[in-house]
Amino acid sequence: AMAERSEMARRLDAFVDAAFAFAVTLLIVGGSDIPTDFDALRTALGRVPSFAASFALICMFWLGYRDVGRLWSERDALSTTLSLGIVFLVLVYVFPLRIMVESAFHALSGGRLPGQGLAGSAADMRFLYTSYGLGFLLLASLFASLYAHHLRKGHPDGKALSDGRAWLANWLIMTGVATVSLVAALFAPGPIIGWLPGVIYMLIPLGIGISEYRHIVEARRAATADASTA
């Protein structure tokens, strides 16, 4: 029975991996057609920075799921449902992700990179930040729920439990920041709607950095305590 459950977990993880790979394909296919002249080639190459940033965000979510498989080798009905929810949301999330990141790179480059006209008006920006923020919030919430569910089941390896708690803290930080950004996207006045929801996401690296530092300090204290009692 345990071997059967492990095989089901491997098949589920392979399906999720394939879905993330397909999401990356959608980022490329959704960006432009195959260049047929030099102007189209310049435009396609100009999209490389925004594609790289979008790719990095998709990889962040994939790494989060990969570590679920590294830390826990079995799945139950709830973890399977949460995993399939992640697959669905990732495949939807790539569309507002691509447009938002490409629009941001167009603005940051002073118009030198492609993206003009993707989100011009304040209403467009509000819709874009809202759809992106909702996707990010739901994804982070599903990951937090997945880690919390497995942590409740425990793990014989203390380091694995510690790593799982660190991941859970990161997903909770991302959930909180995405919630604040979504509220800003819904209610911020027109003059600041173009930048405020996006700037709020910059709190994520700061929050995760503080969380990781605390995680390292606690791990060192635990190792010192273990050494002193040995």
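Caption draft 1: Main features of the nonpolar core. Judged by nonpolar contacts, the single largest core of 53 residues is most densely connected at Ile58, Ile86, Phe136, Phe143, Tyr147 and Trp171. Those elements giving two or more residues to this core turn out to be helix H1 (2-29), helix H3 (48-71), helix H4 (77-108), helix H5 (122-153), helix H6 (158-187) and helix H9 (203-229). Considering each element in turn, this core owes the most residues, 14 residues, to H5. Tyr147 has contacts with Gly64, Asp67, Val68, Leu71, Trp72, Gly164, Trp167, Leu168 and Trp171, leaving out every residue within four places of it along the chain.

Caption draft 2: Representation of the environment of Val177 within the structure. Within the element layout of this structure, Val177 appears in helix H6. Using a relative accessible area of 9% as the deciding quantity, one classes Val177 as buried. Distance in space between the C-alpha atoms of Val177 and Val24 is 24 Å, their sequence separation being 153 residues. Setting aside chain neighbours within four positions, we find Val177 in contact with Ile200, Tyr201, Leu203 and Ile204.

Caption draft 3: Up close: the side chain of Asp67. Locating Asp67 in the fold gives a position in helix H3. In terms of polar contacts, Asp67 uses its side chain to reach the side chain of Arg66, at 3.2 Å. Apart from the residues lying within four places of it in its own chain, the contact partners of Asp67 are Tyr147 and Trp167.

Caption draft 4: Here's a closer look at the packing of aromatic side chains. Per the stated rule, a full pass over the model turns up 14 aromatic pairs. On the numbers, 5.9 Å between centres and 25 degrees between planes, the contact of Tyr147 with Trp167 is stacked. Taken as a pair, Tyr147 in helix H5 and Trp167 in helix H6 lie far apart in primary sequence, 20 residues in all. Given the relative accessible area of 0%, Tyr147 is considered buried. A relative accessible area of 18% means that Trp167 is categorised as buried. Pairwise contacts between aromatic rings join Phe61, Trp72, Tyr93, Tyr132, Phe136, Phe143, Tyr147, Trp167, Trp171 and Tyr201 into one cluster.

Reading the values: the criteria
- Residues numbered from 1 in each chain as written.
- Predicted model: local features only at pLDDT ≥ 70, side-chain atom pairs only at ≥ 80, totals over all residues.
- Heavy atoms only, no water.
- Core = buried A, V, L, I, M, F, W, Y, C linked by side-chain atoms within 4.5 Å.
- Buried < 20%, exposed > 50% of the residue type's maximum accessible area, 1.4 Å probe, protein only.
- Helix = DSSP H or I, 4+ residues; strand = E, 2+ residues; numbered from the N terminus.
- Contact = heavy atoms within 4.5 Å.
- Polar contact = N/O pair within 3.5 Å; in protein donor to acceptor, adjacent residues only side chain to side chain.
- Phe/Tyr/Trp six-rings, centres within 6.5 Å; stacked < 30°, edge-to-face > 60°.

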